[in-house]
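One letter stands for each residue in the lines below.
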Amino acid sequence: MQHITSRLVLILAVIFMATSFASAQEEQEQIPGLMNPTYQFSKKKVSYITLTDGTEITGNVKDFDRKKGIIKYIKIKDTNGKTHKLNSSEIKHGYFQPTALSKMNSFFDDLKIQHWGKDLNEEMFSNGYVYLENTPVMIKKKKMNLLMQLLNPHFSDGVRIYFDPFAKRTASIGVGPASIGGDAKSYYVKKNGGGAAIRLKKKEYKSEFPAYFGDCEQVKTSKKTKWGDLAEHAYIYARECANE
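Residues numbered from 1 in each chain as written. Predicted model: local features only at pLDDT ≥ 70, side-chain atom pairs only at ≥ 80, totals over all residues. Heavy atoms only, no water.

In this model, the protein chain carries a mean pLDDT of 81, and residues with pLDDT of at least 70 account for 75%. Counting interchain partners and residues more than four positions distant, the pLDDT-below-50 stretch residues 8-28 has zero contacts. This stretch, residues 176-181, has a pLDDT under 50; its non-local contacts, to residues over four places away or in other chains, come to 17 contacts. (pLDDT = per-residue confidence, 0-100. Contact = heavy atoms within 4.5 Å.)

So, in structure tokens, the structure goes:
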């Protein structure tokens with residue numbers, strides 16, 4: 001009887017330790033990742049566009065015209081039935097629904113992280129929208145204003161990371177929106193208030209790391225300078241150093 005009791009106590013102790021460990025793991029702060037880029041946008045779901053002059057247009061997108069990956073204009077039919085053909089330079093920002101296929105390759109699970117950019121509408125992302133904004137970008141040696149998809153809206157205070165339409169990727173299966181796997185080898189990145197977004201490449205990240213995060217002690221002490229840690233660095237910066 002004593003032997004059985006001892007075994008029971010041992011089993012209960014193991015269960016308690018396992019439960020405590022699992023709880024501790026859950027309590028650790030989740031580090032969010034970047035949203036996957038969206039290649040195709042729904043023509044059936046409503047989109048919301050704000051122009052540079054403050055005009056707001058709500059309606060259904062009819063066409064996204066791209067040239068070499070760069071968005072040139074958007075055609076949208078508003079709720080009154082009027083069709084607008086908008087040059088990308090006229091658009092300040094917009095919220096757009098991905099197609100079902102593009103949404104399969106995106107993720108919204110960790111968008112509950114509460115370090116949202118102050119200029120963004122959190123509810124839109126909770127409803128599956130992605131965000132494009134007009135921002136200055138350095139294309140080679142030329143500065144251009146382009147409509148870019150923000151990939152870290154849920155921790156964009158401090159450092160903004162944009163989809164690079166020219167990015168090479170690690171091995172993946174499929175083409176474009178139907179591809180599976182593979183990581184981008186470059187993004188366009190800028191510090192808030194720091195001018196144009198610059199193309200940041202995987203092979204250059206270690207040398208460029210101080211330019212983006214060198215003024216944040218909490219990021220520097222993480223002792224991580226690998227390309228795969230970019231999202232974590234931007235998140236820590238938003239949480240700890242963006243408002244200093």
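Structure shown, so let's carry the discussion forward.
What follows concerns the packing of helix 4 (residues 205-213) against helix 6 (residues 230-240). Close contact between helix 4 and helix 6 brings their axes to 12 Å; oriented N to C, the two are set at 10°. It follows that helix 4 is roughly parallel to helix 6 by the angle criterion. Regarding helix 4 and helix 6, the two cross each other, and that crossing is right-handed. Here Y205, F209, Y212 and F213 of helix 4 lie close against helix 6, whose contacting residues are L230, H233, A234 and Y237. Residue composition of the contact of helix 4 with helix 6, by class: seven nonpolar, one polar and no charged. (Axes fitted to C-alpha atoms, helices over the stretch in contact; angles between N-to-C directions. Helix = DSSP H or I, 4+ residues; strand = E, 2+ residues; numbered from the N terminus. Parallel < 35°, antiparallel > 145°, perpendicular 65-115°, else oblique. Left-handed = near helix turned anticlockwise from the far one by under 90°. Nonpolar A, V, L, I, M, F, W, Y, C, P; charged D, E, K, R; others polar.)

This next bit is on the environment of N152. Residue position: N152 is located in the loop between strand 7 (142-149) and strand 8 (159-162). The exposure class assigned to N152 is buried, which follows from its relative accessible area of 0%. When the C-alpha atoms of N152 and L34 are compared, they prove to be 5.4 Å apart, with 118 residues separating the residues in sequence. In contact with N152, other than residues within four places in its own chain, are L34, V159, R160, I161 and A234. A distance of 2.9 Å separates the side chain of N152 from the backbone oxygen of V159, its partner in a polar contact. (Buried < 20%, exposed > 50% of the residue type's maximum accessible area, 1.4 Å probe, protein only. Polar contact = N/O pair within 3.5 Å; in protein donor to acceptor, adjacent residues only side chain to side chain.)

Now for the sheet that holds strand 2 (residues 56-67). Remark on secondary structure: sheet strands pair via backbone hydrogen bonds, oriented parallel or antiparallel. Sheet architecture is open: seven strands sit in the order 4-3-2-1-5-6-7, paired in antiparallel fashion. Each edge of the open sheet is held by one strand with a lone partner, namely strand 4 (83-87) and strand 7. Geometrically, the sheet is characterised by an average inter-axis angle of 35° between neighbouring strands, direction not taken into account. Examined bridge by bridge, strand 5 (residues 91-96) and strand 6 (residues 130-139) share four bridges and lie antiparallel to one another. Within strand 6, the position partnered with Y95 by the bridge is Y131. (Pairing = 2+ DSSP bridges.)

So, about the state of the cysteines. Per the counting criterion, the structure on display carries one disulfide. Disulfide pairing places C216 opposite C241 at an S-S distance of 2.0 Å. Measuring handedness by torsion sign, the sulfur bridge of C216 and C241 sits at about 70° and is right-handed. Residue C216 is located in the loop between helix 4 and helix 5 (217-220), and its partner C241 is located in the segment after helix 6; the two are separated by 25 residues in the primary sequence. (Disulfide = S-S within 2.5 Å.)

Another point: the side chain of T99. With respect to the helices and strands, T99 occurs in the loop between strand 5 and helix 2 (100-104). Given the relative accessible area of 19%, T99 is considered buried. Once you skip the residues sitting within four places of it in the chain, T99 turns out to touch Q40, F41 and S42.

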